[in-house]
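# Summary of the model geometry
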Amino acid sequence: MTPNPAVLITGASSGIGATYADRFAARGHDLVLVARSADRLNEVAARLRSARGVSVDVVQADLADHEALERVSARLGEDDRIGILVNNAGVGLSGAFADQNPGAVAKLVAVNVGAVTTLAQAAARRFVDAGNGAIVNISSVVGLIPEFGQTAYAASKAFVTTLSQSMAVELSGKGVYVQAVLPAATATEIWTRAGSNPSRLPPMMDVGALVDAALVGFDRREAITIPVLSDAGLWDSYQNARKAMLPEFGGVVPAARYRAA
Ligand code: NAP
């Protein structure tokens, strides 16, 4: 990777994505910013061009739309100035799973799962050919909390974490770094956009603190970064509990406890 490759950031018009844009610009990286709101992207771009002196391209795209997603994917596949993907765009949805609008659930899956996968693959293909590159997937601790009552959102983030872990296994030997970032509650617009009741919001981390912590993990080349987790050994114990089951997954007969009497 060149020392300062360009960074493509999805969901860069607000919140975590806009903050990543600011931090990478401060490090001297040129940017390609993607979201639906061209006005807001242009505001971010104008501010960063003038404050940070970097080149910023804006790509207006609804990542739930197949053609728009293909356009962004093609850009990742063709623009060899881009050496880092921040796969950040995502949506939440309040309410009980059985009551949520099916179209809204499908859109959540399209953005949080479909677009993340398509863009990660487009970046991975070119980065593997180049023998370098970095892919940052923004997941969530909610993917580890089925008890949280965010059924489809939680599942989408569990997908992003597993996608990232599996990509890291495949790609680390090919010069490509993959990081999953698992924020906890962070003060951005996502909560109100998802329709959450403003009087029932949890305490939140400042978005600048979140992204700065995630970048500490990025600079250390961590595979999993959980900014609120003070004891990294807890994550290791969780992984070890999972790995303890693996020898049994090669079995070919039901375990004794499932054999009919
Ligand atoms: P946010 O401020 O609402 O930002 C979401 C970004 O995604 C916006 O730039 C939005 O821009 C973009 N986006 C949404 N739908 C899109 C679509 N269909 N096509 C293209 N862009 C789209 O929320 P945020 O908290 O920064 O969220 C960023 C990521 O962090 C998400 O993946 C979220 O799941 C994750 N996360 C957030 C928290 C938290 O508490 N905030 C915690 C854990 C994980 P436009 O509206 O302009 O398209």
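All of the points below concern the structure found in this document. (Residues numbered from 1 in each chain as written. Predicted model: local features only at pLDDT ≥ 70, side-chain atom pairs only at ≥ 80, totals over all residues. Heavy atoms only, no water.)

Considering all chains together, one arrives at eleven salt bridges under this definition. We note a salt bridge from Arg23 to Asp22, for which the minimum N-O separation is 2.8 Å. Assessed through its relative accessible area of 14%, Asp22 is described here as buried. Via salt bridges that share partners, Asp22, Arg23, Arg52 and Asp212 belong to a single interconnected network. (Salt bridge = Lys/Arg side-chain N within 4 Å of Asp/Glu carboxyl O. Buried < 20%, exposed > 50% of the residue type's maximum accessible area, 1.4 Å probe, protein only.)

To continue, consider the side chain of Ser156. Looking at where Ser156 falls in the secondary structure, it is placed in helix 5 (residues 151-171). In contact with Ser156, not counting residues within four places along its chain, are Leu108, Asn112 and Val113. (Helix = DSSP H or I, 4+ residues; strand = E, 2+ residues; numbered from the N terminus. Contact = heavy atoms within 4.5 Å.)

Here we take up the packing of aromatic side chains. Where two aromatic rings form a pair, the distance of their centres and the angle of their planes describe that pair. The full count for this structure, using the stated rule, is four aromatic pairs. Where Tyr20 meets Phe24, the ring centres are 6.1 Å apart and the plane angle is 15°; that geometry is what we call stacked. In this pair, Tyr20 and Phe24 both sit in helix 1 (residues 15-26), four residues apart, roughly one turn of the helix. Relative accessible area serves as the criterion here: at 1%, Tyr20 is assigned to the buried category. The buried category is assigned to Phe24, whose relative accessible area is 1%. Taken together, the ring pairs connect Tyr20, Phe24, Tyr177 and Phe218 into an aromatic cluster. One residue, Arg221, lies across the ring of Phe218, its end atom 4.6 Å from the ring centre. (Phe/Tyr/Trp six-rings, centres within 6.5 Å; stacked < 30°, edge-to-face > 60°. Lys NZ or Arg CZ within 6 Å of the ring centre and 35° of its normal.)

With that settled, consider the packing of helix 3 (residues 66-78) against helix 4 (residues 102-130). Across the interface, helix 3 lies against helix 4 with an axial gap of 8 Å and an inter-helix angle of 20°. Here helix 3 is positioned roughly parallel relative to helix 4, judged by the angle of their axes. For the pair helix 3 and helix 4, the sense of crossing is right-handed. Two secondary-structure elements touch here, helix 3 through Leu69, Glu70, Val72, Ser73, Leu76, Gly77 and Glu78 and helix 4 through Ala115, Thr118, Leu119, Ala122, Ala123 and Arg126. In terms of residue class, the contact of helix 3 with helix 4 is built from seven nonpolar, three polar and three charged. (Axes fitted to C-alpha atoms, helices over the stretch in contact; angles between N-to-C directions. Parallel < 35°, antiparallel > 145°, perpendicular 65-115°, else oblique. Left-handed = near helix turned anticlockwise from the far one by under 90°. Nonpolar A, V, L, I, M, F, W, Y, C, P; charged D, E, K, R; others polar.)

What follows covers the environment of Ala6. Inspection of the secondary structure puts Ala6 in strand 1 (residues 6-10). Classification of Ala6 by relative accessible area gives buried; the value is 6%. Here the alpha-carbon distance between Ala6 and Leu31, two residues 25 residues apart in the chain, equals 5.3 Å. Setting aside chain neighbours within four positions, we find Ala6 in contact with Asp30, Arg81, Ile82, Gly83 and Ile84.

Another aspect to go through is the packing of helix 1 against helix 7 (residues 207-219). Interaxial distance between helix 1 and helix 7 falls to 9 Å at its minimum, and their mutual angle equals 60°. Judged by the inter-axis angle, helix 1 sits oblique to helix 7. Two packed elements cross with a definite hand, and for helix 1 against helix 7 that hand is right-handed. Taken together, the residues of helix 7 that come into contact with helix 1 (itself represented by Gly15, Ile16, Thr19, Tyr20, Arg23 and Phe24) are Val207, Gly208, Leu210, Val211, Asp212, Ala214, Leu215 and Phe218. Its residues placed into classes, the contact of helix 1 with helix 7 shows nine nonpolar, three polar and two charged.

Here is the key point about a regular strand: its side chains alternate between the two faces of the sheet. In terms of burial, strand 1 is a largely internal element, five of the five residues being buried. Side chains Ala6, Leu8 and Thr10 project from strand 1 onto one buried face, and the interleaved Val7 and Ile9 project onto a second face that is buried too. With four bridges joining them, strand 1 and strand 4 (residues 82-87) adopt parallel strand pairing. Looking across to strand 4, one finds that Val7 is bridged to Ile84. Sheet topology note: the strand 1/strand 2 (residues 31-35) ladder contains four bridges and is parallel. Opposite Leu8, over in strand 2, you have Val32 as the bridge partner. Regarding topology, helix 1 serves as the crossover connection from strand 1 to the parallel strand 2, and that connection is right-handed. (Pairing = 2+ DSSP bridges. Right-handed = clockwise from strand over helix to strand, strands pointing away.)

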